[in-house]
Amino acid sequence: MYNEALQYFHFSSTYDNIITTDIIKRATERCSLVHSSYIVLAEPGNSYSELVNNSLQSKAFKDMIQTPSSNTWRIRHHEFDFVDDPHNPRFGMKTTRSVSKERAVLPHLERLLIQFEGRVDLKRPELDIYLLEGLSDDQSAKDTTRSSGNDLHKILARRIACGASHNIMAPKTRICLTRTPLCAISSYILCNIALIQEYQTVLDPFCGSSATLLASSLISPTVKTVGIDIATEEMISRSQICEDFTSRGANPPVALLEGNVMDQSMRDKAREVIGDDSFDVIITDPPYERRETYTSGDGNESNSALNDLIDVMAHDRKHGNPLLKPGGNLVVFLPCPKDADVEDLLPSKERLALAGLKLVQKGEQRLNDASRWILSFHSS
């Protein structure tokens, strides 16, 4: 349920040798559904005084207190609360930030903050410090605390990183406009499920305005991307697509090919532009015009665009020129009508075997009158 509920999770220090701060930072920066990640600086407290005492005793801010310190900083306050109505689209948790409440809270932290040597910078500080109130693993304990009139659970944290700035590639900001563009969040999710890495080659065989390829380049700037689409230049301006990349500081596609991926010549051209090689990753959102054609029951022709793609991949693999490398990933959207079972719409095991593919993951995104599934296949 993309972006419809606010949740949080935490790592204990047990994982310090496995999940490093750098790993968390890099993961956060490429995830469109993660808002921010933080390091908890001191044991949480139920009062401001307790929180300040814990911070001073743990020496969590020793780099801020040591003289001289040139780190600029600011502090932000966020209050969390549970949303109890399951019919609310943001069922889970909600967060609010009030500037007036933030100003009222700061004097309670004066004993700590007055020791900071660096100067305050409200726009671009080197250190972002957050006072988070109301986070709790146990809703019943939280409700008891509130009913007794006690303060909310309080945490002082330092922000490590922000999630991917997917708004910079929102459809309304694009130079190349199409009728049914893929949203930025979905594009990032496809790329992350495909495990896109630096220096990989990425193909979108139904690229449209190339939202998936743009997300790939923003996540991993060194990737080489290629798009194929049957739309003519009058329907989709490929020069405008390239402007969408360069205007955001991303490397444009190696090639944007006009044609049908079902044609052998187009697949050969796609391989040719990356050095006559197979692709590391294929990600795509098959065209909407063909999504409403289903034959449920035998599963053989449940989604023609996806099945056709798998069939040509099987053809190329049989002839020793695979479109996807062994060990590569194919990630696609599969639409599912309201009255259909997704299991009936999946490509058959026999079809997948011929293409050297195995379904390793599937997840549902519920829509108003239907749903669509993200399918992840691994190539052997």
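Before reading further, recall that the structure is shown in the block above.
Rules of the game
- Residues numbered from 1 in each chain as written.
- Predicted model: local features only at pLDDT ≥ 70, side-chain atom pairs only at ≥ 80, totals over all residues.
- Heavy atoms only, no water.
- Helix = DSSP H or I, 4+ residues; strand = E, 2+ residues; numbered from the N terminus.
- Buried < 20%, exposed > 50% of the residue type's maximum accessible area, 1.4 Å probe, protein only.
- Contact = heavy atoms within 4.5 Å.
- Areas by Shrake-Rupley, 256 points an atom, 1.4 Å probe, with all protein chains shown as cover.
- Phe/Tyr/Trp six-rings, centres within 6.5 Å; stacked < 30°, edge-to-face > 60°.
- Axes fitted to C-alpha atoms, helices over the stretch in contact; angles between N-to-C directions.
- Left-handed = near helix turned anticlockwise from the far one by under 90°.
- Nonpolar A, V, L, I, M, F, W, Y, C, P; charged D, E, K, R; others polar.
- Pairing = 2+ DSSP bridges.
- Salt bridge = Lys/Arg side-chain N within 4 Å of Asp/Glu carboxyl O.
- Polar contact = N/O pair within 3.5 Å; in protein donor to acceptor, adjacent residues only side chain to side chain.
- Parallel < 35°, antiparallel > 145°, perpendicular 65-115°, else oblique.

Novice: Explain the overall build of the chain here, please?
Specialist: Helix and strand counts for the chain stand at 13 helices and 12 strands. Taking all 380 residues of the chain together, the buried fraction comes to 47%. Taking all contacts inside the chain whose residues are at least 6 apart in sequence as the whole, residues at least 24 apart take part in 71%. With an accessible surface of roughly 19900 Å², the chain has 50% of that area assigned to carbon and sulfur atoms.

Novice: Can you walk me through the packing of aromatic side chains in this structure?
Specialist: Two numbers describe a pair of aromatic rings. These are the distance of the centres and the angle of the planes. Taken as a whole and judged by the stated rule, the model has 3 aromatic pairs. Ring centres of Phe61 and Phe116 lie 5.2 Å apart, and the angle between their planes is 40 degrees; on these two criteria the pair is classed as tilted. One end of the pair, Phe61, is in the loop between helix 2 (48-58) and helix 3 (62-65); the other, Phe116, is in the loop between helix 5 (110-113) and strand 4 (127-133), and 55 residues separate them in sequence. Of the two residues, Phe61 and Phe116, both sit in the buried class. Here Trp73 and Phe116 contribute two aromatic rings whose centre-to-centre distance is 5.0 Å and whose plane-to-plane angle is 85 degrees, an arrangement assigned as edge-to-face. Taken together, the residues span a long stretch of sequence, with Trp73 in strand 2 (residues 73-83) and Phe116 in the loop between helix 5 and strand 4 at a distance of 43 residues.

Novice: Where do I start with unusual backbone geometry in this structure?
Specialist: For residues besides glycine, phi is generally negative; the peptide bonds are generally trans as well. Unlike most non-glycine residues, Leu195 shows phi in positive territory, near 60 degrees. Note on placement: Leu195 falls in the loop between helix 7 (184-193) and strand 6 (201-204).

Novice: Looking at this structure, I do not really get the packing of helix 7 against helix 8 (residues 211-219). What am I missing?
Specialist: Helix-helix packing is characterised by the crossing angle of the two axes and by the distance between the axes. Packing of helix 7 against helix 8 leaves a shortest axis separation of 8 Å and a crossing angle of 65 degrees. Regarding helix 7 and helix 8, the two cross each other, and that crossing is right-handed. Contacts between helix 7 and helix 8 involve Ser187, Tyr188, Leu190, Cys191 and Asn192 from the first element and Ala211, Thr212, Ala215, Ser216, Leu218 and Ile219 from the second. Residue composition of the contact of helix 7 with helix 8, grouped by class: 7 nonpolar, 4 polar and no charged.

Novice: Is there a simple way to explain the sheet that holds strand 10 (residues 324-337) in this structure?
Specialist: Where strands meet in a sheet, backbone hydrogen bonds hold them as pairs that are either parallel or antiparallel. In space, the 7 strands of this open sheet follow the order 8-7-6-9-10-12-11, with mixed pairing throughout. One side of each edge strand has no neighbouring strand; the edge strands of this open sheet are strand 8 (255-258) and strand 11 (357-366). Strand after strand, the sheet turns through a mean of 15 degrees between neighbouring axes, direction not considered. As defined by bridge partners, strand 6 adjoins strand 7 (residues 224-229) across 4 bridges and the pair is classed as parallel. Bridge pairing in strand 7 links Asp204 to Gly227. Relative to the sheet, helix 11 (residues 304-318) contacts strand 9 (279-284), strand 10, strand 11 and strand 12 (370-379), its axis offset from that of strand 10 by approximately 165 degrees.

Novice: Whenever I open this one, helix 8 confuses me. Can you help?
Specialist: Residues spaced three or four apart along an α-helix face the same direction, because each turn holds 3.6 residues. Burial within helix 8 is extensive, with 8 of its 9 residues counted as buried. Where helix 8 is concerned, the buried positions are Ala211, Thr212, Leu213, Leu214, Ala215, Ser216, Ser217 and Ile219. Taken together, the buried residues of helix 8 touch helix 7, strand 6, strand 7, helix 9 (238-246), strand 8 and strand 9.

Novice: Please explain the pattern of salt bridges as it appears in this structure.
Specialist: Opposite charge on two side chains allows them to pair when their charged atoms are near. This structure, assessed with the given rule, holds 19 salt bridges. Asp244 is the partner of Arg174 in a salt bridge, and the nearest nitrogen-oxygen pair spans 3.1 Å. Taken as a pair, Arg174 in the loop between strand 5 (154-162) and helix 7 and Asp244 in helix 9 lie far apart in primary sequence, 70 residues in all. Between Arg267 and Asp316 there is a salt bridge whose closest N-O contact spans 2.7 Å. Of the two residues, Arg267 sits in helix 10 (residues 264-272) while Asp316 sits in helix 11, which places them 49 residues apart along the sequence.

Novice: Explain the side chain of Asp280 to me, please; I cannot follow it from the model alone.
Specialist: Within the secondary structure, Asp280 sits in strand 9. Look at Asp280 and you get buried, because its relative accessible area is 17%. At 3.2 Å, the side chain of Asp280 forms a polar contact with the side chain of Lys325. If we ignore the near neighbours within four places in the chain, the residues touching Asp280 are Tyr199, Gln200, Thr201, Leu324, Lys325, Gly328 and Asn329.

Novice: How should the environment of Asn192 be read in this particular structure?
Specialist: Among the secondary structure elements, Asn192 is positioned in helix 7. Judged by relative accessible area, which is 18%, Asn192 ranks as buried. Residues Asn192 and Ala27, 165 residues apart in the sequence, show an inter-C-alpha distance of 9.6 Å. Among residues more than four places away in sequence, those in contact with Asn192 are Arg30, Cys31 and Ile219.

Novice: In this structure, what is going on with the packing of helix 10 against helix 11? I would like to understand it.
Specialist: Across the interface, helix 10 lies against helix 11 with an axial gap of 12 Å and an inter-helix angle of 70 degrees. Comparing their axes, helix 11 and helix 10 come out roughly perpendicular. Relative to helix 11, the crossing made by helix 10 is right-handed. Where helix 10 approaches helix 11, its residues Gln264, Arg267 and Arg271 are matched on the opposing element by Val312, His315 and Asp316.

Novice: What am I meant to see in the pairing of strand 11 here?
Specialist: Consecutive residues of a regular strand have side chains that alternate between opposite faces of the sheet. Note: strand 11 against strand 12, 9 bridges, orientation antiparallel. Paired with Leu357 across the bridge in strand 12 is Ser379. Taking the residues that link successive antiparallel strands as the turn, the strand 11-strand 12 hairpin has 3 residues.

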